[in-house]
Amino acid sequence: MRDRIGRTIEYMRVSVTDRCNLRCIYCMPEGGVPRVSHSDILTFDEITRICRIGSDIGISRIKLTGGEPLVRRGLPALLRMIRDLPGIEQVTLTTNGILLKENINELVSSGLDAVNISIDTPDAGRYKEITRGGGLSRALEGMEAALSFPGLQVKINCVPMQGVPADDYICLARMSEKRNVDVRFIEMMPIGPGKRLGVVRGGQIYSMLKDVFGEASVCTGRFGNGPAVYVRFPGFQGKTGFIDAVSHQFCGTCNRIRLTSEGRLKPCLQYGDGADLRRLLRNGADDERIRDEMRRTIYGKPDCHRFADSISADAYFSRAAQQNICRTEDGHIYETKDMSQIGG
Ligand code: SAM
Ligand code: SF4
């Protein structure tokens, strides 16, 4: 369906859990996020029902995310339930890759169309620092396992950080030289702990890469569900992508909504507004009522984010912000949750 300003909304990111087996410094506080009790998390049947009703109003592509989606037991079964829905054309996964190797067979046989694996550095020591204890070798094994399925589209996601040597990004980009894997650089967004860390611009990464690999050609066509711009360096098999969410605003062509693990339908990443679908589901609402609420939420999607004028990190971390009372001038509530709770 179209929203108030004519954007077609067809893609839903579904967070299946707030929990994670890593603690990336830009995404989660060191102590993790407050634990949500299992009964507050949507069940697989509830998630599938929302996806089914969403497909009635034009949602055709689903991304499973988290927290870390693979820490939720039985994820391949959920994937299969959603993939089997008429009207759902694609189900993909975003993961840190740590549990991917042991799950990949079942995921693929359940209908997984593509997987994004987050690897911010190819250096084991820095990986451990950035993820607060994670083992790079497990993530790489997960990537290799995914790449062993020729029909599965695999992308590597990296959020560049200040202070990390250029060689790390050159080495990550090189992964797509001889293999059919895309490596994407995502600008750090001022959300959660990422607010306190500076952004490394996509343009800076491109010039580091160009100095080594030469000028790249821009790839035309549609690749994936988002705003990434893809280029190909000379002789490379895979593409290099840039998601410059801070340098450029993509809101005019935004095609997505988000469902949190607790059942809040979020029309925009940066705002805390949204519909409490869990309450409706658990109070016996029929499909029509839920469909209406989804329509209303999508229709009222904010025109754009306000990363540029967003509240300062200090205000963000203050008690007031934590109590969800920081509002934009036009009355929207700023999101105070971390990316791991929103689903990236
Ligand atoms: N745990 C999974 C993973 O790491 O891929 C899925 C959830 S994670 C929240 C989804 C994506 O959001 C990851 O690629 C992560 O790097 C990215 N992310 C988290 N915080 C971010 C921030 N402040 N700015 C940009 N990307 C962020
Ligand atoms: Fe966990 Fe992914 Fe956030 Fe890292 S980016 S803490 S892996 S949810």
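On a predicted model such as this, the values are computed, not experimentally measured, just so you know.

1. Quick look at the overall build of the protein
In step 1: Summing up its helical and strand segments, the protein has twelve helices and twelve strands in all.
In step 2: A total of 344 residues make up the protein; the buried ones form 56% of that total.
In step 3: Counted over contacts in the protein with a minimum sequence separation of 6, partners at least 24 positions apart contribute 72%.
In step 4: Total accessible area on the protein stands at roughly 14700 Å², and carbon and sulfur atoms take up 49% of it.

2. A few points about helix 1 (residues 44–56)
Given 3.6 residues to a turn, an α-helix orients residues that are three or four positions apart in the same direction.
In step 1: If you check helix 1, its first and last C-alpha atoms are 19 Å apart, about what 13 residues at 1.5 Å a residue would give, namely 18 Å.
In step 2: In the stretch just after helix 1, Gly 58 is the one whose phi turns positive, near 105°.

3. Focus: the packing of helix 2 (residues 75–83) against helix 3 (residues 100–109)
Helix-helix packing is described using two parameters, namely the angle between the two axes and the distance between the axes.
In step 1: Relative orientation of the contacting elements helix 2 and helix 3 amounts to 15°, with a least axis distance of 9 Å. One element, helix 2, and the other, helix 3, form an angle in the roughly parallel class. Seen from above, helix 2 lies across helix 3 with right-handed handedness. In contact with Leu 75, Pro 76, Leu 79 and Arg 80 of helix 2, helix 3 contributes Asn 103, Glu 106, Leu 107 and Ser 109.
In step 2: A class-by-class count of the residues in the contact of helix 2 with helix 3 yields four nonpolar, two polar and two charged.

4. Structural notes on the sheet that holds strand 3 (residues 90–95)
In step 1: Overall, mixed pairing links the twelve strands, which are arranged 7-8-9-6-5-4-3-2-1-10-11-12 in an open sheet. If you trace the sheet from one side to the other, it starts and ends with strand 7 (217–218) and strand 12 (275–276), each paired once.
In step 2: One ladder, built from two bridges, connects strand 11 (residues 264–266) with strand 12; its direction is antiparallel. In the strand pairing of strand 12, Arg 264 is matched with Asp 276.
In step 3: Across the sheet, helix 5 (residues 136–147) touches strand 4 (114–118) and strand 5 (153–158), and the angle it forms with strand 4 is around 160°.
In step 4: Where helix 6 (residues 166–174) meets the sheet, its contacts fall on strand 5 and strand 6 (182–186), and the angle it forms with strand 6 comes to roughly 145°.

5. Let's talk about the layout of surface pockets
In step 1: Taken as a whole, the second largest pocket spans an internal volume of roughly 430 Å³.
In step 2: Lining of the second largest pocket is provided by 20 residues; of these, Thr 17, Asp 18, Arg 19, Arg 35 and Val 71 occupy positions nearest its centre.

6. As for the nonpolar core
Most often, soluble globular proteins have nonpolar side chains that are buried together.
In step 1: One finds Met 12, Ile 62, Leu 64 and Ile 82 to be the most contacted residues of the largest nonpolar core, which totals 90 residues.
In step 2: Sorting elements by how many residues they give to this core places helix 5 first, with six residues.
In step 3: What Leu 64 contacts, discounting residues up to four positions off in sequence, is Val 14, Val 16, Pro 69, Leu 75, Leu 78, Leu 79, Ile 82, Val 91, Thr 92, Leu 93 and Thr 94.

7. A closer look at the site of ligand 1
In step 1: Near ligand 1 there are 18 residues, and of these Tyr 26, Gly 67, Thr 94, Ser 118 and Met 189 occur at the shortest range.
In step 2: Between a nitrogen atom of ligand 1 and a side-chain N or O atom of Glu 68, the distance comes to 3.2 Å.
In step 3: Contacts to ligand 1 include Thr 95, whose backbone N or O atom sits 3.4 Å from an oxygen atom.
In step 4: In isolation ligand 1 has 550 Å² of accessible area, and contact with the protein removes 94% of it.

8. Some details on the pattern of salt bridges
In step 1: All told, the structure shown has 22 salt bridges when counted by the stated rule.
In step 2: Its salt-bridge partner being Arg 7, residue Asp 3 comes within 2.6 Å of it at the nearest N-O pair.
In step 3: The buried category is assigned to Arg 7, whose relative accessible area is 5%.
In step 4: A single salt-bridge network, built from bridges that share partners, covers Arg 49, Arg 52 and Asp 287.

9. Observations regarding the packing of helix 3 against helix 5
In step 1: Packing of helix 3 against helix 5 brings their axes to within 8 Å, and their N-to-C directions diverge by 25°. Classified by the interaxial angle, the pair formed by helix 3 and helix 5 is roughly parallel. Where helix 3 crosses over helix 5, the two elements pack in a sense that is right-handed. Residues Leu 100, Lys 101, Glu 102 and Ile 104 of helix 3 form the contact with helix 5, whose participating residues are Arg 138, Glu 141, Gly 142, Ala 145 and Ala 146.
In step 2: Taken together, the residues that form the contact of helix 3 with helix 5 break down as four nonpolar, one polar and four charged.

Rules behind the numbers
Residues numbered from 1 in each chain as written. Chains lettered and ligands numbered in written order. Predicted model: local features only at pLDDT ≥ 70, side-chain atom pairs only at ≥ 80, totals over all residues. Heavy atoms only, no water. Helix = DSSP H or I, 4+ residues; strand = E, 2+ residues; numbered from the N terminus. Buried < 20%, exposed > 50% of the residue type's maximum accessible area, 1.4 Å probe, protein only. Contact = heavy atoms within 4.5 Å. Areas by Shrake-Rupley, 256 points an atom, 1.4 Å probe, with all protein chains shown as cover. Expected span 1.5 Å × (residues − 1). Axes fitted to C-alpha atoms, helices over the stretch in contact; angles between N-to-C directions. Parallel < 35°, antiparallel > 145°, perpendicular 65-115°, else oblique. Left-handed = near helix turned anticlockwise from the far one by under 90°. Nonpolar A, V, L, I, M, F, W, Y, C, P; charged D, E, K, R; others polar. Pairing = 2+ DSSP bridges. 1 Å grid on protein atoms, 1.4 Å probe; cavity = no way out; pocket = protein on both sides within 12 Å on 5 of 7 lines; lining within 4 Å. Points joined across faces, edges and corners; volume = space filled by probe spheres on them. Core = buried A, V, L, I, M, F, W, Y, C linked by side-chain atoms within 4.5 Å. Near = heavy atom within 4 Å. Polar contact = N/O pair within 3.5 Å; in protein donor to acceptor, adjacent residues only side chain to side chain. Salt bridge = Lys/Arg side-chain N within 4 Å of Asp/Glu carboxyl O.

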